[in-house]
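Observations on the model geometry
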Amino acid sequence: MKAKSTTLRNMTSASLLGLGLFVASQASANECELKIAATDAMQFDTKELSVPATCKEVTLTLTHTGTLPKAAMGHNWVLTKAADMSAVATDGMGAGADAAYVKAGDTRVIAHTGLVGGGESTSVTFSTAGMSATEAYQFFCSFPGHWAIMQGSFKIQG
């Protein structure tokens, strides 16, 4: 009987260890998934987003919690180095709504979503390769007139 008890205990320990590793991997994956909401009042629900340096890819989901249509109050999420934000936003205005107000081929843009209207969501997955914990990054909405208000910092936590 003692052998069965030891075997059962070892199986339980192995199962718990396996469960712990599974939970740890899920927690790590969830740290690399971000959510942000935008409103009809031209606001994001947060001014700061961050991910651990261990994230090789980040998935960001933008939800427009308002009711106004895309043409009147569309929102997107654009990520650049802080020093590039103003120029990218200005250049994006000329790109138009069909391009989500992001200039095609703009290498200063690290990632961006499409435009969404009230009640809609969109996601973007991007690599953090080349990003650094020492660099300042900004996210913003590039819909014309929004970027000056709708912005925040994005950090890689080292």
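Please read all numbers here as calculations on a predicted model, not as lab measurements.

So, the overall build of the protein chain
- What the protein chain contains, in helices and strands, is three helices and eight strands.
- Overall, the protein chain shows an N-to-C arrangement of helices and strands of α-β-β-β-α-β-α-β-β-β-β.
- Counting only residues that meet the buried cut, the protein chain has 36% of its 158 residues in that class.
- For the protein chain, the share of sequence-separated contacts (at least 6 apart) that also reach a separation of at least 24 residues comes to 73%.
- When the accessible area of the protein chain is evaluated, it comes to approximately 8600 Å², of which 58% is carbon and sulfur surface.

Thoughts on the environment of Ala38
- Its place among the elements puts Ala38 in strand S1 (residues 33-38).
- Of the residues examined, Ala38 reaches a relative accessible area of 0% and is grouped as buried.
- Sequence-wise, Ala38 and Met150 are 112 residues apart; in three dimensions their C-alpha atoms are separated by 8.6 Å.
- Ignoring any residue separated from it by four or fewer positions in sequence, one finds Ala38 in contact with Gln43, Phe44, Leu62, Thr63, His64, Thr65, Gly66, His75 and Met150.

Quick notes on the pairing of strand S2 (residues 48-52)
- The side-chain alternation of S2 yields one buried face, formed by Leu49 and Val51, and one unburied face, formed by Glu48, Ser50 and Pro52.
- With five bridges joining them, S2 and strand S8 (residues 151-157) adopt parallel strand pairing. Paired with Pro52 across the two strands is Gln157, which belongs to S8.

So, the nonpolar core
- Counting 30 residues, the largest nonpolar core has Phe44, Trp77, Phe126 and Phe154 as its most contacted members.
- Not counting chain neighbours up to four residues away, the residues in contact with Phe44 comprise Ile36, Ala37, Ala38, Leu62, Asn76, Trp77, Phe139, Phe140, Cys141, Met150 and Gln151.
- By size, the runner-up hydrophobic cluster in this structure holds seven residues, among which are Val88, Ala89, Val102 and Phe140.

Section: the packing of aromatic side chains
- Applying the stated criterion to the full structure yields six aromatic pairs.
- Both rings, one in Trp77 and one in Phe139, keep their centres 6.0 Å apart while their planes meet at 25°; by these two values the pair is stacked. One end of the pair, Trp77, is in the loop between helix H2 (70-73) and strand S4 (78-81); the other, Phe139, is in strand S7 (residues 137-140), and 62 residues separate them in sequence. The residues Trp77 and Phe139 share a single accessibility class, namely buried.
- The structure contains a cluster of three or more aromatic residues connected by ring pairs, namely Phe44, Trp77, Phe126, Phe139 and Phe154.

Description of the confidence of the model for the protein chain
- Put simply, the protein chain has an average pLDDT of 87, and 82% of its residues get 70 or more.
- Counting interchain partners and residues more than four positions distant, the pLDDT-below-50 stretch residues 4-27 has zero contacts.

A short note on the pattern of salt bridges
- Scanning the model with the defined rule gives three salt bridges in all.
- Its salt-bridge partner being Lys155, residue Glu48 comes within 3.6 Å of it at the nearest N-O pair. One end of the pair, Glu48, is in strand S2; the other, Lys155, is in strand S8, and 107 residues separate them in sequence.
- Overlapping salt bridges, with partners in common, bring together Asp91, Asp106 and Arg108 in one network.

Conventions adopted
- Residues numbered from 1 in each chain as written.
- Predicted model: local features only at pLDDT ≥ 70, side-chain atom pairs only at ≥ 80, totals over all residues.
- Heavy atoms only, no water.
- Helix = DSSP H or I, 4+ residues; strand = E, 2+ residues; numbered from the N terminus.
- Buried < 20%, exposed > 50% of the residue type's maximum accessible area, 1.4 Å probe, protein only.
- Contact = heavy atoms within 4.5 Å.
- Areas by Shrake-Rupley, 256 points an atom, 1.4 Å probe, with all protein chains shown as cover.
- Pairing = 2+ DSSP bridges.
- Core = buried A, V, L, I, M, F, W, Y, C linked by side-chain atoms within 4.5 Å.
- Phe/Tyr/Trp six-rings, centres within 6.5 Å; stacked < 30°, edge-to-face > 60°.
- pLDDT = per-residue confidence, 0-100.
- Salt bridge = Lys/Arg side-chain N within 4 Å of Asp/Glu carboxyl O.

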